[in-house]
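Residues per chain are reported as follows:
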Amino acid sequence: MFFAPLFLSHGGPDVLINGSPAPAVWRAHADSLPRPRAILMMSAHYLALQPLLGSSPRWGTVHDFGGFPRELYKLQYPAAGDDSVLAEAMALLAAAGISARHDGAEGLDHGAWVPLLAMYPQADIPVITISTLPRQDARAHYQLGLALAQLAEQGVLIIGSGSMTHNLYELSRAGGPEQPWAKAFADWMAQRLLDNDIEALLDWEVRVPFAKQNHPSDEHLLPLFFALGAGNGKVGRSLHRGIELGALAMDAWAFDGAAA
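The following paragraphs examine the structure supplied in this document.

About the cut-offs
Residues numbered from 1 in each chain as written. Predicted model: local features only at pLDDT ≥ 70, side-chain atom pairs only at ≥ 80, totals over all residues. Heavy atoms only, no water. Helix = DSSP H or I, 4+ residues; strand = E, 2+ residues; numbered from the N terminus. Buried < 20%, exposed > 50% of the residue type's maximum accessible area, 1.4 Å probe, protein only. Contact = heavy atoms within 4.5 Å. Axes fitted to C-alpha atoms, helices over the stretch in contact; angles between N-to-C directions. Left-handed = near helix turned anticlockwise from the far one by under 90°. Nonpolar A, V, L, I, M, F, W, Y, C, P; charged D, E, K, R; others polar. 1 Å grid on protein atoms, 1.4 Å probe; cavity = no way out; pocket = protein on both sides within 12 Å on 5 of 7 lines; lining within 4 Å. Points joined across faces, edges and corners; volume = space filled by probe spheres on them. Core = buried A, V, L, I, M, F, W, Y, C linked by side-chain atoms within 4.5 Å. Pairing = 2+ DSSP bridges.

### A word on the environment of E170
Then step 1. Its place among the elements puts E170 in the loop between strand 8 (156-162) and helix 6 (180-195).
Then step 2. For E170, a relative accessible area of 36% gives the class partly exposed.
Then step 3. For the pair E170 and N214, spaced 44 residues apart in sequence, the C-alpha to C-alpha distance is 8.9 Å.
Then step 4. Other than its neighbours up to four places away in sequence, E170 contacts W181, Q213, L245 and A247.

Right, dumping it as structure tokens:
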């Protein structure tokens with residue numbers, strides 16, 4: 001059974017309690033799906049110099065943030081891993097000539113557990129993690145997703161968790177005006193995803209307006225290209241679009257459409 005790979009803009013950990021519409025969108029999408037065999041998660045907060053894949057008998061919940069409401073630090077997501085899915089992913093990467101290794105880390109960062117808690121609150125679906133590679137570019141992440149695309153045909157829900165825009169220095173208080181440079185960036189990306197213009201997307205740093213202003217560093221956008229690759233040519237379908245805190249685009253996409 002095919003599970004369309006997803007890109008989710010996960011926001012801050014308080015997205016679960018601050019009234020953002022995004023978690024309800026994630027949950028509704030999860031509710032529309034059959035039960036996945038497992039979830040393969042790339043989080044923008046799990047960084048490494050080479051592809052690392054993780055599985056744990058019982059994942060810990062890493063509260064890798066500060067200054068948020070106390071209730072967020074009590075949240076747990078004790079999902080298990082799945083060593084057989086991890087082995088399948090390792091084999092697919094090796095077949096594609098991509099060197100990867102197993103990571104013994106036992107905790108999920110908030111880029112992973114926040115959307116998963118909204119989507120599958122029972123934490124009863126196995127979770128496998130794969131690292132984001134901050135020293136590699138969009139094309140490398142696209143190829144990484146492409147190498148693992150077969151898993152999406154075998155009951156694994158592949159998720160890239162990051163942010164369509166991510167300049168934390170430019171955020172405003174709730175209710176602040178939407179920044180035109182953030183909207184221009186998100187609109188450009190949305191149109192290319194709808195057009196399935198992969199080459200333009202992979203060349204985003206020189207083509208998209210306000211690239212550096214929206215992503216002073218690119219680790220939060222790289223999971224998008226991983227999900228795009230895992231879609232293996234399928235066209236993006238918008239699940240949610242919207243800008244919060246003036247400059248934080250909370251866009252969510254599923255890669256399940258047919259090319260025109």
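Still more to cover.
### Considerations on the packing of helix 4 (residues 138-147) against helix 10 (residues 222-230)
Then step 1. Contact pair helix 4 / helix 10: the axes reach a minimum separation of 6 Å and the direction vectors enclose 40 degrees. Crossing of helix 4 against helix 10: the hand is right-handed. Touching A138, H141, Y142, L144, G145 and L146 of helix 4 are L222, F225, F226, L228, G229 and A230, all from helix 10.
Then step 2. Of the residues in the contact of helix 4 with helix 10, the class split is nine nonpolar, three polar and no charged.

### Here we look at the layout of surface pockets
Then step 1. Approximately 340 Å³ is the volume attributed to the largest pocket.
Then step 2. Forming the walls of the largest pocket are 20 residues, and the residues nearest its centre are G11, G12, L168, L171 and L248.
Then step 3. Partitioning the lining of the largest pocket into residue classes produces eight nonpolar, ten polar and two charged.

### What to know about the nonpolar core
Then step 1. The biggest cluster of nonpolar side chains holds 33 residues, and the ones touching the most others in it are W26, Y77, M119, Y120, L157 and I159.
Then step 2. Elements supplying a minimum of two residues to this core: strand 1 (6-9), helix 1 (22-31), strand 2 (38-47), helix 3 (110-119), strand 8 and strand 12 (252-257).
Then step 3. The element best represented in this core is helix 3, accounting for seven residues.
Then step 4. If near-sequence neighbours (up to four positions away) are discounted, W26 is found in contact with L8, S9, H10, V15, V114, P115, A118, M119, M250 and A252.
Then step 5. In terms of nonpolar packing, the next biggest core, distinct from the first, is built from 26 residues, Y142, A211, F225 and L228 among them.

### A look at the pairing of strand 1
Each regular strand displays side chains that alternate between the two surfaces of the sheet.
Then step 1. A two-sided burial pattern is seen for strand 1, the buried positions comprising L6 and L8 on one face and F7 and S9 on the other.
Then step 2. Pairing geometry for strand 1 and strand 8, over four bridges, is parallel. By the bridge assignment, F7 is partnered in strand 8 with G160.
Then step 3. The pairing of strand 1 with strand 12 spans three bridges and is antiparallel. Paired with F7 across the two strands is W253, which belongs to strand 12.

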